[in-house]
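Here are the chains, one letter per residue:
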Amino acid sequence: MIKYVSACDIQNGWGRQFFKGKSLDGSCPSGPWVVTADEVPDPQALRLRLTVNGEVKQDATTADMIYPVDEIIRWLSIGMTLLPGMLIATGTPEGVGFARQPPEFLKPGDLMESDVVGIGHLSNRCVPSEHRVTAGRQPRGHPTRAPRLPPPPNAPVCSAARCARPSPGRRH
């Protein structure tokens, strides 16, 4: 299981360069289990569920994926060496916070719980960030200085909430 958490202020503030905001230390909790292919008879038949503070935010199956797992592996292995134990993050079901109306963002104290039925449960509590980046700020000499509107007053900033270490999970 991989739980994707990004720092939207960073990924939106540097010319919409997503890599940095999606790869900060502590932003990709994983576990509590890594299972092998023989333990998952059909990777397209897994139920995924995410709750925030007990409220269901995502509920889907891997059958809903745009590309099946075997095709993702086939495509990635062209020109890239995949070794045993490597993790591939394949995306997320519909229901992400920024796309909700109105948008929803994690806050310190929020409890996120993810389940992959039959594999495990991952629980993370968001804690205040040590760092905060001003939206719209770009590095010196950045080639694309597109004009940006200032954020609305009291706008939530994703990196204000970072996930604490995952708690041990349980098998279902």
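Residues numbered from 1 in each chain as written. Predicted model: local features only at pLDDT ≥ 70, side-chain atom pairs only at ≥ 80, totals over all residues. Heavy atoms only, no water.

**Section: the overall build of the chain**
Condition: A run of H or I in DSSP counts as a helix once it spans at least four residues, and a run of E counts as a strand once it spans at least two, with each numbered from the N terminus. Each residue is placed in one exposure class: buried if its accessible area under a 1.4 Å probe, protein chains only, is under 20% of its type's maximum, exposed if it is over 50%, and partly exposed if it falls in between. By the convention used here, residues are in contact when the closest approach between their heavy atoms is within 4.5 Å. What sets the accessible areas is the Shrake-Rupley method with a 1.4 Å probe; for residues, cover comes only from the shown protein chains.
Along its length, the chain carries 3 helices and 5 strands. Every one of the 172 residues in the chain was classed for burial, and the buried ones make up 27%. Residue pairs at least 24 apart in sequence account for 66% of intrachain contacts in the chain once pairs closer than 6 positions are excluded. Here the chain displays about 11,700 Å² of accessible surface, and carbon together with sulfur accounts for 58% of that area.

**With respect to the side chain of Thr-62**
Locating Thr-62 in the fold gives a position in the loop between strand 2 (55-61) and helix 3 (69-76). Excluding residues within four positions of it along the chain, Thr-62 makes contact with Pro-43, Gln-44, Ala-45, Leu-46 and Leu-48.

**A short note on the confidence of the model for the chain**
Let me state the cut-off plainly: What pLDDT expresses is the predictor's confidence in each residue, scored from 0 to 100.
Per-residue confidence for the chain averages 74 on the pLDDT scale, and 63% of its residues sit at or above 70. The least confident element of the chain is strand 5 (residues 161-163), whose mean pLDDT is 40; the most confident is strand 2, at 95. Per-residue pLDDT stays below 50 along residues 135-172; that stretch engages in 86 contacts with residues further than four places along the chain or on separate chains.

**Notes on unusual backbone geometry**
Cis peptide bonds are those with omega within 30 degrees of zero, and the linkage from Gln-101 to Pro-102 qualifies with -5 degrees. By secondary structure assignment, the location of Pro-102 is in the loop between helix 3 and strand 3 (111-116). The phi torsion at Asn-53 lies on the positive side, around 55 degrees, for a residue other than glycine. Inspection of the secondary structure puts Asn-53 in the loop between strand 1 (47-52) and strand 2.

**Focus: the pattern of salt bridges**
Where we set the bar: Definition used for salt bridges: Asp or Glu carboxyl oxygen within 4 Å of a side-chain nitrogen of Lys or Arg.
Evaluated as defined, the whole model comprises 8 salt bridges. Here Arg-74 and Asp-70 are joined by a salt bridge, their closest N and O atoms 3.9 Å apart. Here the residue Arg-74 and the residue Asp-70 both occupy positions in helix 3, the gap between them amounting to 4 residues, near one helical turn. Residue Asp-70 is classed as partly exposed on the basis of its relative accessible area, which comes to 46%. Here the residues in one salt-bridge network are Glu-55, Lys-57, Arg-100 and Glu-104, joined through shared partners.

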